[in-house]
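One-letter residues, chain by chain:
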Amino acid sequence: MSNKVHLGHTARKRFGQNFLTDEGVISSIVGAISPDNDHVMVEIGPGLGALTEPVADSIDNLTVVELDRDLVERLQVHPVLKDKLTIHQGDALQFDFSKLQQDGKKMKVFGNLPYNISTPLMFHLFEFAQHIETMHFMLQKEVVLRLSASPGSKAYGRLTVMAQYFCQVVPVLEVPPQCFTPPPKVDSAVVRLLPYDDKPWPCKDVNVLRHLCTTAFNMRRKTLRNNLKGMLDDSDFESLNIDSTLRPEQISVEQYVAMANLYIDKTANS
C-alpha cells in the first residue's frame, strides 16, 4: 500500500529531499519513536509519508509540519492519512511548537531532517524543550557524532554543548545510503534526544551560554583564554578551576555552564 504514495513525486534538491524506502529501517525507527495517544505526536517534514503512515497507523492523530506545498496537497488527499493528520504548511524553523501542546500532553517530535536545516532546526526546537518528551531525528551520521561527542574528540563543538545542555543524547541506529531514494552521498543515523525535566547544570541565561560557546569555538585551534579574552580573565578561570590553556573542545558542558554563569554574575555586578 505505502508504495503507491511514492509514485510521481520527484525529490527536489532545494528541499534536500532523500526519501526513506527501506522497510526494515522504517519499522526500527517507528519502534524507537514509540507512537502513542498520550503524547502530541509531531512529524517535521513528512515527505512522502515513509514514517508518517506507520506512525499514524497506531494513533488517533498526527500533527505534521511541511514546507513543500505539493507534498501538503498530496497528504490532504491521501486515502489513509487525510483523516488522521493535522497539517501545518510552513517553515519548521519559524514555527511556534508551543502552539501544539494539548491539556497536559507533552510532544514526541520526529523527522527525517533535510541536512541543510538540521542544526538550526535543533537549536530552534531546544527553545521548546520543556514541552517535548522525546525527539527522534534521522540526520547525517556526522551530525549525530557531533551531538553525542565527548570532550576531547574532534566532533565535539558548539552543537554538542548546546544539545547536551538541554538533552540526553542517544544514538539509535545507522542508516546506509541504499535505504533511501535517491541514495544520498553520505551515511545517515537516527538519534534520540531526551530533554531534561531538571537540567543537570542549569544556566541563568541560555543566550549567554550560546554566545559564549560560539565565541569559544570560533577558533578551535586557539586556547580558551585567547578565545574568551573579552569575557573572562585569568582570575575567573582560576576561581572555576578551569585550565585556560586548553582548547575549546577539551572543556565539558558543565564547565561551559559554569563559565556562562560566572560571566552573567560579573556583568550583573559591574
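Numbering of residues starts from 1 in each chain and follows the order in which that chain's sequence is written. The predicted nature of this model means local features are confined to residues of pLDDT at least 70 and side-chain atom pairs, given and counted, to a pLDDT of 80 or more, with totals for whole chains, interfaces and linings taken over all residues. Just so you know, side-chain values use all the structure's heavy atoms and leave hydrogens and water out.

An unreviewed UniProt entry lists the protein under the name Ribosomal RNA small subunit methyltransferase A, with Shewanella gaetbuli given as the organism. UniProt positions are given in the numbering used here, feature names are shortened, and annotations may be inferred rather than shown by experiment. The UniProt entry for the protein carries the following text under Subcellular location (unreviewed entry): "Cytoplasm".

Thoughts on the UniProt feature "domain: Ribosomal RNA adenine methylase transferase N-terminal" (unreviewed entry) in the protein
Here, the residues flagged by UniProt with the feature "domain: Ribosomal RNA adenine methylase transferase N-terminal" (unreviewed entry) are residues 25-197. End-to-end, the C-alpha atoms of residues 25-197 are 30 Å apart, and along that stretch the chain is 28% helix and 28% strand. What counts as a helix is a DSSP run of H or I of at least four residues, what counts as a strand is a run of E of at least two, and both are numbered from the N terminus.

Overview of the packing of aromatic side chains
Under the pairing criterion, centres of Phe, Tyr and Trp rings, with the six-membered ring standing for Trp, must be within 6.5 Å; the plane angle then separates stacked pairs below 30 degrees from edge-to-face pairs above 60, leaving the rest tilted. Throughout the structure, instances matching the rule amount to seven aromatic pairs. In this structure an aromatic cluster arises from ring pairing among Phe123, Phe126, Tyr165 and Phe166.

So, the pattern of salt bridges
Opposite charge on two side chains permits them to pair, given that their charged atoms come into close proximity. Only one rule defines a salt bridge in this text: a Lys or Arg side-chain nitrogen within 4 Å of an Asp or Glu carboxyl oxygen. Here the structure, examined in full by the defined rule, presents six salt bridges. Of the charged contacts, one joins Lys106 and Asp197 as a salt bridge, the two residues approaching to 2.9 Å between their closest N and O atoms. In this pair, Lys106 is assigned in the loop between strand E4 (85-89) and strand E5 (107-112) and Asp197 in the loop between strand E9 (188-195) and helix H8 (206-217), connecting sequence segments 91 residues apart. Under the scheme applied here, a residue whose accessible area is under 20% of the maximum for its type counts as buried, over 50% as exposed, and between as partly exposed, the area being computed with a 1.4 Å probe on protein chains only. The exposure class of Lys106 is partly exposed, given its relative accessible area of 24%.

So, helix H5 (residues 118-126)
Since the α-helix advances by 3.6 residues per turn, residues separated by three or four positions end up pointing in the same direction. The element H5 is extensively covered by neighbouring structure, given that eight of its nine residues are classed as buried. Inspection of H5 places Ser118, Thr119, Leu121, Met122, Phe123, His124, Leu125 and Phe126 among the buried residues, and these make up the whole buried set.

Things to note about the nonpolar core
Put simply, buried Ala, Val, Leu, Ile, Met, Phe, Trp, Tyr and Cys residues joined by side-chain atoms within 4.5 Å make one nonpolar core. Within the largest apolar cluster, 59 residues are counted, with the highest numbers of intra-cluster contacts made by Phe97, Phe137, Tyr256 and Met259. A per-element tally of this core places helix H11 (residues 253-269) first, with seven residues. Dropping the residues within four chain positions of it, Tyr256 is found in contact with Tyr156, Val161, Leu209, Leu212, Cys213, Ala216, Phe217, Leu224, Pro248 and Ile251. Grouped together as the second largest cluster of nonpolar side chains are 23 residues, Met41, Val55, Val64 and Phe110 included. Whether two residues are in contact is decided by their heavy atoms: any pair within 4.5 Å suffices.

Looking at the packing of helix H7 (residues 158-166) against H8
Lines fitted to the C-alpha atoms define the axes, with helices restricted to the stretch that makes contact. Angles between their N-to-C directions range from 0 to 180 degrees. Remark: H7 packs on H8, axes separated minimally by 9 Å, with the N-to-C direction vectors making an angle of 155°. In terms of their interaxial angle, H7 and H8 are classed as roughly antiparallel. Of the two elements, H7 crosses H8, and the hand of that crossing is right-handed. Contacts between H7 and H8 involve Arg158, Val161, Met162, Tyr165 and Phe166 from the first element and Val206, Leu209, Arg210, Cys213, Thr214 and Phe217 from the second. Each angle receives one of four descriptions, namely roughly parallel if under 35 degrees, roughly antiparallel if over 145, roughly perpendicular if within 65 to 115, and oblique otherwise. When the near helix sits turned anticlockwise from the far one by under a right angle, the crossing is termed left-handed; a clockwise turn instead gives a right-handed crossing.

So, the state of the cysteines
Note on terminology: pairs of cysteine sulfur atoms within 2.5 Å are recorded as disulfides. Considering all chains together, one arrives at zero disulfides under this definition. Lacking any disulfide linkage, Cys203 is separated from the closest cysteine sulfur, that of Cys213, by 8.9 Å. Here Cys213 falls in the buried class, since its relative accessible area comes to 0%.

Thoughts on the confidence of the model for the protein
The predicted coordinates should not be examined in detail at positions where pLDDT is low. Residue-level pLDDT values for the protein average 91, and 94% of them are 70 or greater. Known as pLDDT, the predictor's per-residue confidence is scaled from 0 to 100. Considering only residues more than four positions removed or in separate chains, one finds that residues 1-8, a stretch of pLDDT under 50, has 15 contacts.

Regarding the pairing of E5
Burial analysis of E5 places six of its six residues in the buried class, which makes it a mostly covered element. Side chains Met107, Val109 and Gly111 project from E5 onto one buried face, and the interleaved Lys108, Phe110 and Asn112 project onto a second face that is buried too. Only strands joined by at least two bridges in the DSSP assignment are considered to pair. Here strand E2 (residues 40-44) pairs with E5 via five bridges, running parallel. Each bridged residue has a counterpart across the sheet, and for Val40 the counterpart in E5 is Met107.

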